[in-house]
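A closer look at the structure
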Amino acid sequence: MYKRLVMAFVVICLFTSPYQTFAEEKLSEEQIHTKRMELFQKAEALTQIPWYYLAAVDQYERSLRFARKDREKPTSLISIHMDQEKWVGPLNPNLEDENPKTITLFQGVGRDGDYDGKASLKNDEDILTAFTDYVLTYGIDRDNFKLALWNYYKRDKTVSIIMGNAKIYKQYGTIHLNQKAFPLPLRFNYSYRNTWGDARGWGGRRIHEGTDLFADYGVPVRATSYGIIEMKGWNRYGGWRIGIRDINNTYHYFAHLSGFAKDLQVGQVVEPGMLIGGVGSSGYGPPGTSGKFPPHLHYGMYKDNGYTEWSFDPYPHLRMWERQERMKSRKR
Ligand SMILES: [Zn+2]
């Protein structure tokens, strides 16, 4: 009996690698972040590539998995996607090949990162190692890393999104940055309803790509997430406006502002609740035009899938952030 139990235990241990448990066990978001961070730090120890570079690429690729139908939803800790054909080598007749020797022979990018004798697309450490090996062919300093990214993705915007992620991760020293904030402080008077997709007349026929939050002139406008200021300036539709790309590759657009927070600049890291400007009614004309409509914050959200960007309805998110913040302030 005892022997059988021991055997059963050995068998269980053999077939449960720590990374396969991800799907079965329900890990909390924080536990997932901790385990993921361990993988990045291990890779950094082995390669000297800063963990936040690896985290930044992985996070960008995770956003693509949610935004694209041709990618599987994340099923493990690492989301970096690799083509099966490139993994095994372009001339490899065996698309399922997991043998590191034949993969190398056919010049595949597949690697055996955890030394289990297999180079598997289902293994987080194998994928990370394949990616770090690619980066190492360029170099680990910022310029070489950017060059490696450019050759990998062939898209300037992708390079800048990933470098933005890296800057945020480096600054906070963690990847656990999912906190959000409502764009207006709840203690002020404001009102909003769902008008996403409504027709808008000024400047030709357009649809309304956002939610309008009506409030008085000068009511503080705040960043809703961790992110990077990607754009700041005037546009004849939006007036004084700010664009922030968050850590999930969602672009947040704040328009018709009365002005900007002091010293705010493009490329700067922001965090949820940080003051970025004030509610106004700027826009619908040349720079400085104001008062053509009641003061409000136009808040838009856009998703990027690695090729293009599209608007989606921010209203449900605003409601959720407002609710979360109200609950938090009650607890205090
Ligand atoms: Zn609007």
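A few points on the structure. (Residues numbered from 1 in each chain as written. Predicted model: local features only at pLDDT ≥ 70, side-chain atom pairs only at ≥ 80, totals over all residues.)

**A word on the pairing of strand 12 (residues 309-312)**
So the rule is basically this: Two strands make a pair as long as DSSP finds a minimum of two bridges between them. Here a helix means four or more residues in a row that DSSP labels H or I, a strand means two or more in a row labelled E, and each is numbered from the N terminus.
Summarising the sheet, strand 11 (residues 296-304) and strand 12 pair through four bridges and their orientation is antiparallel. The residue of strand 12 that forms the bridge with Asp 304 is Glu 309.

**Points about the nonpolar core**
Side chains that are nonpolar tend, in soluble globular proteins, to be buried together. For clarity, the cut-off: The nonpolar core is taken to be a set of buried Ala, Val, Leu, Ile, Met, Phe, Trp, Tyr and Cys residues joined by way of C-beta atoms within 7 Å. Here exposure depends only on C-beta density: within 10 Å of a residue's C-beta, 20 or more other C-beta atoms make it buried, 12 or fewer make it exposed, and intermediate numbers make it partly exposed, the C-beta atoms being placed from the backbone. These domain limits were set by an automatic method or by a database of domain assignments. Throughout, a residue-residue contact means that the two C-beta atoms, derived from backbone geometry, are no farther apart than 7 Å.
The biggest cluster of nonpolar side chains holds 61 residues, and the ones touching the most others in it are Tyr 53, Leu 54, Ala 55, Ala 56, Ile 162, Phe 254 and Leu 297. The element that contributes the greatest number of residues to this core is helix 4 (residues 51-67), accounting for eight residues. Looking at this core, you find at least three residues from each of domain 1 (17-82 + 121-172) and domain 2 (190-331). Not counting residues up to four positions away in its chain, the partners in contact with Ile 162 are Ala 56, Val 57, Tyr 60 and Leu 149.

**Notes on the environment of Ile 228**
Counting through the fold element by element, Ile 228 comes out in strand 6 (residues 227-235). Considered as a pair, Ile 228 and Met 320 are 92 residues apart in the sequence and their alpha carbons are 22 Å apart. The contact partners of Ile 228, leaving out residues within four places of it in the chain, are Gly 164, Lys 167, Ile 168, Ile 244, Arg 245, Gly 267 and Val 269.

**Some details on the packing of helix 4 against helix 9 (residues 156-172)**
Between two packed helices, both the angle of their axes relative to each other and the distance between the axes serve to describe the pair. The following threshold applies: Comment: axis = line fitted to C-alpha atoms, over the contacting stretch for helices; angle = value between 0 and 180 degrees taken between N-to-C directions. Any angle that falls under 35 degrees is termed roughly parallel, while one over 145 is termed roughly antiparallel, one within 65 to 115 roughly perpendicular, and all others oblique. Helix crossings are classified by the rotation of the near helix relative to the far one: an anticlockwise turn of less than a right angle makes the crossing left-handed, while a clockwise turn makes it right-handed. Charged residues are taken to be Asp, Glu, Lys and Arg, nonpolar residues to be Ala, Val, Leu, Ile, Met, Phe, Trp, Tyr, Cys and Pro, and polar residues to be all remaining types, Gly included.
Running from N to C, helix 4 and helix 9 cross one another at 125°; their axes reach a closest spacing of 8 Å. Classified by the angle their axes make, helix 4 and helix 9 are oblique. The hand of the helix 4/helix 9 crossing is right-handed. For the pair helix 4 and helix 9, contact is made by Tyr 52, Tyr 53, Ala 55, Ala 56, Val 57, Gln 59 and Tyr 60 and by Thr 158, Ile 161, Ile 162, Asn 165, Ala 166, Tyr 169 and Lys 170, respectively. When its residues are assigned to classes, the contact of helix 4 with helix 9 shows 10 nonpolar, three polar and one charged.

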